[in-house]
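Here's the letter readout for the chains.
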Amino acid sequence: MTDLTAAVNNEQTGYQDFPVGSFNFRRDEYFAYIDYPDGEYVMPIDAYLKALMRDVAWGFFYGTVNFDSVFGTMNHYGNVDLFIGSHNEEYINNDKDFMENFPSEELMEVFQAMLADWTIEGFDPFAAPQETGTAWGPKNGNNDEAISRKRQVAQRMIGIPGDTEIRSDETGYTVNRHFQDVDQSQPVVEAEPGFEDQIHGFNLWAHLSRSVETWNPSIVSVCKQSLLCPTSEEFILPVEHGNDRVEWFVQVSDEIIWEIKDGKSSKPRASLVMRAGDVACMPADIRHQGFSPKRSMLVVWENGSPEILEKIKNGTVPRVGVEF
Amino acid sequence: MSVEYKTTFASIDNFNKGGVQMIAGNIKDYVFSNVYEVASKYAPYERVVVAKNLVYTIESCKAEGESPWYTCSHDEFAIAFDYDIEVHYIKMDDTSFIDDEKDGSFRLDDKPAGQYMGKITLSRGHQALLPEKTAYSFKSAKPATLVFQAILGDESNEKWPEICLT
Ligand SMILES: [Fe+2]
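Residue numbers here run from 1 along each chain, matching the order of that chain's written sequence. Whichever chain is written first becomes A and whichever ligand is written first becomes 1, with later ones labelled in order. Thresholds applied to this predicted model are a pLDDT of at least 70 for local features of residues and 80 or more for the giving and counting of side-chain atom pairs; totals over whole chains, interfaces and linings are not thresholded and use all residues. With hydrogens and water excluded, all non-hydrogen atoms of the structure serve as input to the side-chain values.

Engineer: Help me understand the state of the cysteines, please; the structure alone is not making it clear to me.
Structural biologist: Note on terminology: a disulfide is the covalent bond linking the sulfur atoms of two cysteines. The criterion for a disulfide is a pair of cysteine sulfur atoms lying within 2.5 Å. Enumeration over the complete set of coordinates arrives at zero disulfides over all chains. The closest cysteine sulfur to the non-disulfide-bonded A:Cys229 is located on A:Cys223, 13 Å from its own sulfur. Cysteine A:Cys281 remains unbridged, with the sulfur of B:Cys164 as its closest cysteine sulfur at 9.9 Å. For A:Cys281, a relative accessible area of 0% translates into the label buried. Three labels apply to residues, based on accessible area from a 1.4 Å probe with only protein chains included: buried if under 20% of the type maximum, exposed if over 50%, partly exposed otherwise in between.

And the structure:
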């Protein structure tokens, strides 16, 4: 049979291949090539790296991280599926889907190495398009600083002594160009003597206006297993997130359009327009991708209960947030 | 060309709710509401659940005038979503009546006996800790939107058919 795989010349570009199981990942100046036993799948390198960045930073996240409508990972919490077409109706119906399961650590190691090698100097896969360079071209340095940022994870609440710090100019978080008009005042705390460490508040909107990254929730407050995970969004969520549990959004500022598709087949289901103050729930059987025309503030609300994992495993996880 | 960007927020008296364009399925699946609309519709300090995941909630209410005093066995959080709201705190002399197993905040009959800890004045976007086993009360000169990160309890009201797109 004719060899249909692309000719990638690593000697010329300076990039490495990354084989894992029966997959092999290659890149050239413009594209990522994913070779699997039944063929080769191609993605633009910028979209590929932005999706890979999230999959790595989120530890394969909750449920499915679709890099696009064909390729992605599905988290089983300890092990992970790497798939082509397993969540795409045409691939499945024509028996063209391919999937391989890996211990999470093994695949994560390969993904991290690939992300490090393929991200060149000046390209920040977490940044908005106008705030970064391009991913194109031959190997040219790296950007380890940008790809190894740790997201802020509060244990109780941002800013409490000993907990994660509030973002400020001094800590290297300047106000984003789209949020110059956001009030930077802090709440007025008038504690009686002896209670200075016990009552606490901070400006969450100002904190968000200083986010360096887009589409990367951090944790600001924790109520038992309830995690408030706000984030700032601009341009496109680089993945279609396929839910394995419900996920809630509270839009804080501006506007995001959410394209909703069926989780299994990828068929379109709905389009949500969320404006300031809007609350909506992503059902557990869909995939969603957000479009944010201007940098906006979004609260993603997660539930970290181990109970949910149990429910996913035994198939009793609720499909919708509330039935009414 | 350099552009001056305007960030669009909303308030209890000025919000512009979005919506859902359905292609297939049921719009109720998205449990779509708006915290400002909810706050505007109900009585002061009547907390209405706008998001729920197992026992955990996000609740919205109108802050107006002085609230009753509340307490809770666990931490909660409150965010001022538009106008200024004061939070007052008391360290109660007696907390033995608080059941550690009971989730969610509950109302106290009166201002409790204890030491006044101070107050926090929240403006739009400010978040306050409501520490476990501490009494707290709110005060707002005019209607304002107050959003809670909480757990379903005595003060939580579920009104889904009234608040969600159908
Ligand atoms: Fe998501």
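There's more to say after this.
Engineer: I keep staring at the pattern of salt bridges and nothing clicks. Help me out?
Structural biologist: Two side chains carrying opposite charge are able to pair once their charged atoms lie near each other. Any Lys or Arg side-chain nitrogen found within 4 Å of a carboxyl oxygen on Asp or Glu counts as a salt bridge. Here the structure, examined in full by the defined rule, presents 30 salt bridges over all chains. Where A:Asp285 meets A:Arg269, a salt bridge forms, and the shortest distance between an N and an O atom there is 3.0 Å. Placement of the pair is A:Asp285 in the loop between strand 17 (278-282) and strand 18 (286-303) and A:Arg269 in strand 16 (residues 268-275), with a sequence separation of 16 residues. Salt bridges linked by common partners bring A:Asp262, A:Arg269, A:Asp285, A:Arg319 and B:Asp29 together as one network. By definition, any uninterrupted DSSP run of H or I lasting at least four residues is a helix, any uninterrupted run of E lasting at least two residues is a strand, and each is numbered from the N terminus.

Engineer: I keep staring at the side chain of B:Ser33 and nothing clicks. Help me out?
Structural biologist: As for its placement among the helices and strands, B:Ser33 is situated in strand 2 (residues 33-34). Contacts between residues were defined by any pair of non-hydrogen atoms, one from each residue, lying within 4.5 Å. In contact with B:Ser33, other than residues within four places in its own chain, are A:Gly277, A:Asp278, A:Val279, B:Lys17, B:Val50, B:Ile163 and B:Cys164.

Engineer: Mind showing me how you'd approach the side chain of A:Gln289 here?
Structural biologist: Residues and elements named next belong to chain A. In this fold, Gln289 is placed in strand 18. Taking relative accessible area as the criterion, Gln289 reaches 16% and is therefore assigned buried. Distance and chemistry together define a polar contact, namely a pair of N or O atoms within 3.5 Å, with one atom able to donate a hydrogen and the other to accept it when in protein, and with adjacent residues in sequence counting only for side-chain atoms on both sides. For Gln289, the side chain forms a polar contact with the main-chain oxygen of Leu237, separated by 2.8 Å. In this structure Gln289 touches Ile236, Leu237, Pro238, Val239, Glu240, Ile257, Trp258 and Glu259, once residues within four positions along its chain are discounted.

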